[in-house]
Amino acid sequence: MLEPAPLPKERLEALTDGIFAVSMTILVLDLKLPTLPVGGEDVWRAMLSAIPAVDDYVISFVLLCVFWIGHLRLMRRIKSIDGYFMWLNLAFLLFTTFVPALTAFANHNPGHPRPSILYGADLCAILVCQILTWRHSLRGLANETVTDPRAVWKNVRRHYVTAIGVVVLGITLAVIEIHMGMNQGMASYTYLLLIVAGVMRPAHATQVRKAF
């Protein structure tokens, strides 16, 4: 019989990096800049009309960067992976690949807040997958850089609950816009607060030894 063999952590990291690279590239492929009018008339108006699409692209790109950095920090804290961690990571990647499609959905329906609800729901799913991988990792997969797994988990949980709260706020704003007949698109900008929520650095040096 075959003995259980440890799963290669490096292969999962390579897969994750590749999927993030593809998702970030696909984002810009849907970015359509306007054709400038002949003679230079209304050039600025044509360029300003592209701002909503550029905004959505930048927001999605920055959020993918946030999630990738969060995953990078997590992988630096674990010594190995198991089957449960692998499937959680694959679920995380699944929801990540929806970001370009949902960004394009928002671009093709300007002024409609409903795409922001689906976008927010996908962000929530990504955050849930990340917090579950942290929870599982700190229960037995952490390496020597983690000195107090319980304290780290409390800190991680606080940051990710805050991040999920930010997304829920964005979804709520989109629902309010629908009921009030508004089309300001404030939900998309609210999602940028995920950076302030501290998703990129969910563990303090007091519980984690310096590894960067």
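This structure is a prediction, so every number in the text was calculated from the model and none was measured.

1. Focus on empty space enclosed by the protein
Link 1 in the chain: Taken as a whole and assessed by the stated rule, the structure comprises 2 cavities of 30 Å³ or more.
Link 2 in the chain: Put simply, the largest cavity is a space of about 70 Å³.
Link 3 in the chain: In terms of lining residues, the largest cavity is bounded by Asp56, Ile59, Ser60, Leu102, Thr103, Ala106, Pro115, Ser116, Tyr119, Ser188 and Tyr191.
Link 4 in the chain: Taken together, the elements giving at least two residues each to the lining of the largest cavity come down to helix H3 (51-75), helix H4 (83-108) and helix H5 (114-137).
Link 5 in the chain: Looking at side-chain class alone, the lining of the largest cavity contains 6 nonpolar, 4 polar and 1 charged residues.
Link 6 in the chain: Taken as a whole, the second largest cavity holds about 50 Å³ of empty space.

2. Notes on a nonpolar patch on the surface
Link 1 in the chain: Taken together, the side chains of Val22, Ile26, Val28 and Leu29 make up a nonpolar region of the molecular surface, amounting to roughly 340 Å² of accessible area.
Link 2 in the chain: You can see Val22 is positioned in helix H1 (residues 9-29).

3. Some thoughts on the packing of aromatic side chains
Link 1 in the chain: Applying the stated criterion across every chain yields a total of 3 aromatic pairs.
Link 2 in the chain: Plain terms: the ring middles of Phe20 and Phe92 are 5.8 Å apart, the flat faces sit at 40° to each other, and that makes the pair tilted. One end of the pair, Phe20, is in helix H1; the other, Phe92, is in helix H4, with 72 residues separating them in the sequence.
Link 3 in the chain: Given a relative accessible area of 1%, Phe20 falls into the buried group.

4. Section: the nonpolar core
Link 1 in the chain: Counting residues in hydrophobic clusters, the biggest one holds 40 residues, and the most contacted among them are Leu63, Phe67, Phe85, Tyr119, Leu123, Val167 and Leu194.
Link 2 in the chain: Mapped onto this core, the elements with two or more residues apiece are H1, H3, H4, H5 and helix H6 (149-180).

5. Describing H1
Link 1 in the chain: An ideal rise of 1.5 Å per residue puts 30 Å on 21 residues; H1 measures up with 31 Å between its terminal C-alpha atoms.
Link 2 in the chain: Along H1, the residues that are buried comprise Lys9, Leu12, Thr16, Phe20, Ser23, Met24 and Leu27. Taken end-on, H1 shows its buried residues confined to a sector of 100°, consistent with a single buried face. Facing away from the buried side of H1 by over 90 degrees, the exposed positions are Glu10, Arg11 and Leu29.

6. Focus: the packing of H5 against H6
Link 1 in the chain: Put simply, H5 and H6 touch, their axes get as near as 9 Å, and they point 170° apart. When the interaxial angle is binned, H5 and H6 end up roughly antiparallel.
Link 2 in the chain: Of the residues assigned to the contact of H5 with H6, the class counts are 20 nonpolar, 3 polar and 3 charged.

7. Focus: the environment of Asp17
Link 1 in the chain: Mapped onto the elements of the fold, Asp17 is located in helix H1.
Link 2 in the chain: Spatially, the C-alpha atom of Asp17 lies 7.9 Å from that of Trp68, the residues being 51 residues apart in sequence.

8. Points about the packing of H1 against H4
Link 1 in the chain: Remark: H1 packs on H4, axes separated minimally by 9 Å, with the N-to-C direction vectors making an angle of 10°. With respect to H4, the axis of H1 lies roughly parallel. Residues Leu12, Leu15, Thr16, Ile19, Phe20, Ser23, Ile26 and Leu27 of H1 form the contact with H4, whose own contacting residues are Phe85, Met86, Asn89, Leu90, Phe92, Leu93, Thr96, Thr97, Val99, Pro100 and Thr103.

9. Observations regarding the side chain of His136
Link 1 in the chain: Position of His136 among the secondary structure elements: in helix H5.
Link 2 in the chain: Leave out the neighbours within four places in its chain, and His136 touches Asp82, Tyr84, Phe85, Leu88 and Leu141.

10. Some thoughts on the confidence of the model for the protein chain
Link 1 in the chain: Here the protein chain averages 81 in pLDDT, and 75% of its residues register 70 or above.
Link 2 in the chain: Taken element by element, the predicted model of the protein chain shows its lowest mean pLDDT in helix H2 (residues 43-48) (64) and its highest in H1 (93).
Link 3 in the chain: For residues 202-206, every residue scores under 50 in pLDDT, and the model assigns this stretch 14 contacts once sequence neighbours within four places are set aside.
Link 4 in the chain: In the model, residues 208-212 has pLDDT below 50 throughout and makes 16 contacts with residues more than four positions away in sequence or in other chains.

11. Structural notes on the side chain of Asn143
Link 1 in the chain: Relative to the helices and strands, Asn143 is located in the loop between H5 and H6.
Link 2 in the chain: Overall, the relative accessible area of 13% leaves Asn143 in the buried class.
Link 3 in the chain: A polar atom in the side chain of Asn143 sits 3.0 Å from the backbone oxygen of Arg76.

Reading guide: rules and limits
- Residues numbered from 1 in each chain as written.
- Predicted model: local features only at pLDDT ≥ 70, side-chain atom pairs only at ≥ 80, totals over all residues.
- Heavy atoms only, no water.
- 1 Å grid on protein atoms, 1.4 Å probe; cavity = no way out; pocket = protein on both sides within 12 Å on 5 of 7 lines; lining within 4 Å.
- Points joined across faces, edges and corners; volume = space filled by probe spheres on them.
- Helix = DSSP H or I, 4+ residues; strand = E, 2+ residues; numbered from the N terminus.
- Nonpolar A, V, L, I, M, F, W, Y, C, P; charged D, E, K, R; others polar.
- Patch = residues over 30% accessible without salt bridge, like charges linked within 9 Å, V, L, I, M, F, W, Y side chains within 5 Å.
- Areas by Shrake-Rupley, 256 points an atom, 1.4 Å probe, with all protein chains shown as cover.
- Salt bridge = Lys/Arg side-chain N within 4 Å of Asp/Glu carboxyl O.
- Phe/Tyr/Trp six-rings, centres within 6.5 Å; stacked < 30°, edge-to-face > 60°.
- Buried < 20%, exposed > 50% of the residue type's maximum accessible area, 1.4 Å probe, protein only.
- Core = buried A, V, L, I, M, F, W, Y, C linked by side-chain atoms within 4.5 Å.
- Expected span 1.5 Å × (residues − 1).
- Arc of directions from axis to C-beta.
- Axes fitted to C-alpha atoms, helices over the stretch in contact; angles between N-to-C directions.
- Parallel < 35°, antiparallel > 145°, perpendicular 65-115°, else oblique.
- Contact = heavy atoms within 4.5 Å.
- pLDDT = per-residue confidence, 0-100.
- Polar contact = N/O pair within 3.5 Å; in protein donor to acceptor, adjacent residues only side chain to side chain.

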